Amino acid sequence: MNRIIPGTTLKFTEQARDSAFSMISPVLEATGGLTLSQLSKLTGLEGTTIQNWIKRGWVSSTKGKKYSERQILRILIINMLRRAMKLDDIASLMRYVNGDVEDTSDDIIADILLYNILCRIIFTAEDEGAFDGESVRSLIASEIAENTNEIADDEKLSKAMYVMVMAYRSGCLMAEMESGLDLIRSEM
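About the criteria used
- Residues numbered from 1 in each chain as written.
- Predicted model: local features only at pLDDT ≥ 70, side-chain atom pairs only at ≥ 80, totals over all residues.
- Heavy atoms only, no water.
- Helix = DSSP H or I, 4+ residues; strand = E, 2+ residues; numbered from the N terminus.
- Rg over C-alpha atoms; globule rule 2.2 N^0.38 Å.
- Buried < 20%, exposed > 50% of the residue type's maximum accessible area, 1.4 Å probe, protein only.
- Contact = heavy atoms within 4.5 Å.
- Areas by Shrake-Rupley, 256 points an atom, 1.4 Å probe, with all protein chains shown as cover.
- Disulfide = S-S within 2.5 Å.
- Phe/Tyr/Trp six-rings, centres within 6.5 Å; stacked < 30°, edge-to-face > 60°.
- Lys NZ or Arg CZ within 6 Å of the ring centre and 35° of its normal.
- Axes fitted to C-alpha atoms, helices over the stretch in contact; angles between N-to-C directions.
- Left-handed = near helix turned anticlockwise from the far one by under 90°.
- Nonpolar A, V, L, I, M, F, W, Y, C, P; charged D, E, K, R; others polar.
- Core = buried A, V, L, I, M, F, W, Y, C linked by side-chain atoms within 4.5 Å.
- Arc of directions from axis to C-beta.

Colleague: Quick rundown of the overall build of the protein chain? Include the residues and the values.
Modeller: Scanning the protein chain from terminus to terminus reveals eight helices and zero strands. What you see in the protein chain, going N to C, is helices and strands ordered as α-α-α-α-α-α-α-α. Whereas a compact globule of 188 residues would reach a radius of gyration of roughly 16 Å, the protein chain reaches 17 Å, a difference of no more than 12%. Dimensions of the protein chain, computed from C-alpha atoms along their principal axes, come out at roughly 50 × 40 × 30 Å. Taken over 188 residues, the protein chain has a buried fraction of 45%. Sequence separation of 24 or more characterises 64% of the internal contacts of the protein chain that already satisfy a separation of 6 or more. For the protein chain, the exposed surface amounts to about 9800 Å²; the carbon and sulfur share of it is 50%.

Written out as structure tokens, the structure reads:
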């Protein structure tokens, strides 16, 4: 299987298993942020798509010409969910979890922890072939229990993460279906 780190174009490595964002953070530290073209390359998104998400208020505005860690994380999360969810629904889900995009005081979890936990759950579920509801809920409960001191509302987060993990998996299944359909079309 050709695994990638969710929301990115980066190939999965074992280093990404526990902290997926650690594959990106050294570049941020060295450069002070990513340019729009670097972020486009990282995510596979068009620059205009990223700028549109900022205009719509789903991602905070840039300070200068570089995208910060928080902005990149929000873009990665939206990107990993957008294949299976409407963008407005993703925005609502993100508000449910972390309130106003410009205000971190209403967040129930830091974006970096949310992203890393989501990736760990996805990697584990993929490894175990366990994307059924009960298995996903168990993985979420385990991750929340391990990070409870950094989470303001366990129950709310659990509900949101379930939707996020299942949306990601649904997007992967849609991609597999489309690939199979393209193969059939090529034979017609």
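Colleague: Can you break down the state of the cysteines residue by residue, with the values?
Modeller: Taken as a whole and judged by the stated rule, the model has zero disulfides. A disulfide-free cysteine, Cys119 has its sulfur positioned 11 Å from the sulfur of Cys172, the nearest such atom. Assessed through its relative accessible area of 0%, Cys119 is described here as buried.

Colleague: Please provide a residue-by-residue account of the packing of aromatic side chains, values included.
Modeller: The full count for this structure, using the stated rule, is two aromatic pairs. Consider the rings of Phe21 and Tyr115, whose centres lie 6.3 Å apart with planes at 85 degrees: the pair is edge-to-face. Placement of Phe21 in the segment before α1 (25–31) and of Tyr115 in helix α6 (residues 111–128) is noted, with a sequence separation of 94 residues between them. Pair check on accessibility: Phe21 and Tyr115 agree, each one buried. Above the ring of Tyr162, the side-chain terminus of Arg137 is found at 3.8 Å from the ring centroid.

Colleague: Can you lay out the packing of helix α2 (residues 36–43) against helix α4 (residues 69–81) for me, pointing to particular residues and giving the numbers?
Modeller: With their axes 11 Å apart at the nearest point, α2 and α4 run at an angle of 35 degrees to one another. In this structure, the crossing between α2 and α4 has a hand that is right-handed. Of the residues in α4, those touching α2 at Leu39, Leu42 and Thr43 are Ile72, Ile75, Leu76 and Asn79. Here the contact of α2 with α4 is composed, by residue class, of five nonpolar, two polar and no charged.

Colleague: Which residues make up the nonpolar core, and what values go with them?
Modeller: Counting residues in each nonpolar core, the largest one holds 57 residues, and the members touching the most others are Ile72, Leu81, Ile109, Leu114, Tyr115 and Leu157. If you list the elements that add at least two residues to this core, you get α2, α3 (47–55), α4, α5 (87–98), α6, α7 (133–146) and α8 (154–187). Looking at this core, the element that brings in the most residues is α6, giving ten residues. Other than its neighbours up to four places away in sequence, Leu81 contacts Ile90, Leu93, Met164, Ala167 and Tyr168.

Colleague: So what's going on with α2? Which residues, and what values?
Modeller: Taken together, the buried positions of α2 are occupied by Leu39, Ser40, Leu42 and Thr43. Viewed along the axis of α2, the buried residues span an arc of 165 degrees, placing them on a single side of the element. Residues of α2 that are exposed and point over 90 degrees away from its buried face: Ser37 and Lys41. Buried residues along α2 sit against α3 and α4. The first or second residue beyond α2 is Gly44, which carries a positive phi of 80 degrees.

Colleague: Could you give me a rundown of the side chain of Glu143, with the residues and numbers involved?
Modeller: As for its placement among the helices and strands, Glu143 is situated in helix α7. Take Glu143: its relative accessible area is 11%, and that puts it in the buried class. Those residues in contact with Glu143, other than ones at most four positions away along the chain, are Ile117, Arg120 and Ile121.

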